[in-house]
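Okay, here's what each chain looks like letter by letter:
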Amino acid sequence: MASRGLPPRTVAALYAAAGVLFVVGAFNSGRPAFSGVGVAFIVLAALIYLRRPGKD
């Protein structure tokens, strides 16, 4: 059965964009500690992007 989800690189790009926006928003609101959540999104995006497809 074929997966109908988005391709992993698209998902990674969306997570990275969300992370960047979260970091920018955290600094603009004067709460730089919340930028850690944005960094976590960016790391997650990198892990998704670099993940090698498993062998079934």
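Just so you know, the residues in each chain are numbered from 1, in the order the chain's sequence is written. Where totals are concerned, whole chains, interfaces and linings use all residues; where local detail is concerned, this predicted model gives features only for residues with pLDDT of at least 70, and gives and counts side-chain atom pairs only at 80 or more. With hydrogens and water excluded, all non-hydrogen atoms of the structure serve as input to the side-chain values.

## Digging into a nonpolar patch on the surface
What counts, and what does not: Like-charged residues are merged into a patch within 9 Å and nonpolar side chains (Val, Leu, Ile, Met, Phe, Trp, Tyr) within 5 Å, provided each residue has over 30% relative accessible area and no salt bridge. All accessibility values rest on the Shrake-Rupley procedure with a 1.4 Å probe; residue burial counts only the protein chains present in the view. A pairing counts as a salt bridge when a side-chain nitrogen of Lys or Arg comes within 4 Å of a carboxyl oxygen of Asp or Glu. Helix and strand assignments come from DSSP, with helices taken as H or I runs of at least 4 residues and strands as E runs of at least 2, each series counted from the N terminus.
On the surface, Val20, Val24 and Ile42 cluster together into a nonpolar patch covering about 220 Å² of accessible area. In this fold, Val20 is placed in helix α1 (residues 8–28).

## With respect to the packing of α1 against helix α2 (residues 35–50)
Stated precisely, the cut-off is as follows: Simply put, an axis is a line fit to the C-alpha atoms, just over the touching stretch for a helix, and the angle between two N-to-C directions goes from 0 to 180 degrees. In these notes the angle categories are as follows: under 35 degrees is roughly parallel, over 145 is roughly antiparallel, 65 to 115 is roughly perpendicular, and the rest is oblique. Crossing handedness is read from the near helix: turned anticlockwise from the far helix by less than a right angle, it gives a left-handed crossing, and turned clockwise, a right-handed one. The contact criterion used throughout is that any non-hydrogen atoms of two residues lie within 4.5 Å.
Put simply, α1 and α2 touch, their axes get as near as 7 Å, and they point 165° apart. The angle between α1 and α2 places the two elements in the roughly antiparallel class. Considering how the two elements wind past one another, α1 and α2 form a crossing that is left-handed. Taking contact as the criterion, the partners of Pro8, Arg9, Val11, Ala12, Tyr15, Ala16, Gly19, Val20, Phe22, Val23, Ala26 and Phe27 in α1 are, on α2, Ser35, Val37, Gly38, Val39, Phe41, Ile42, Leu44, Ala45, Ile48 and Tyr49.

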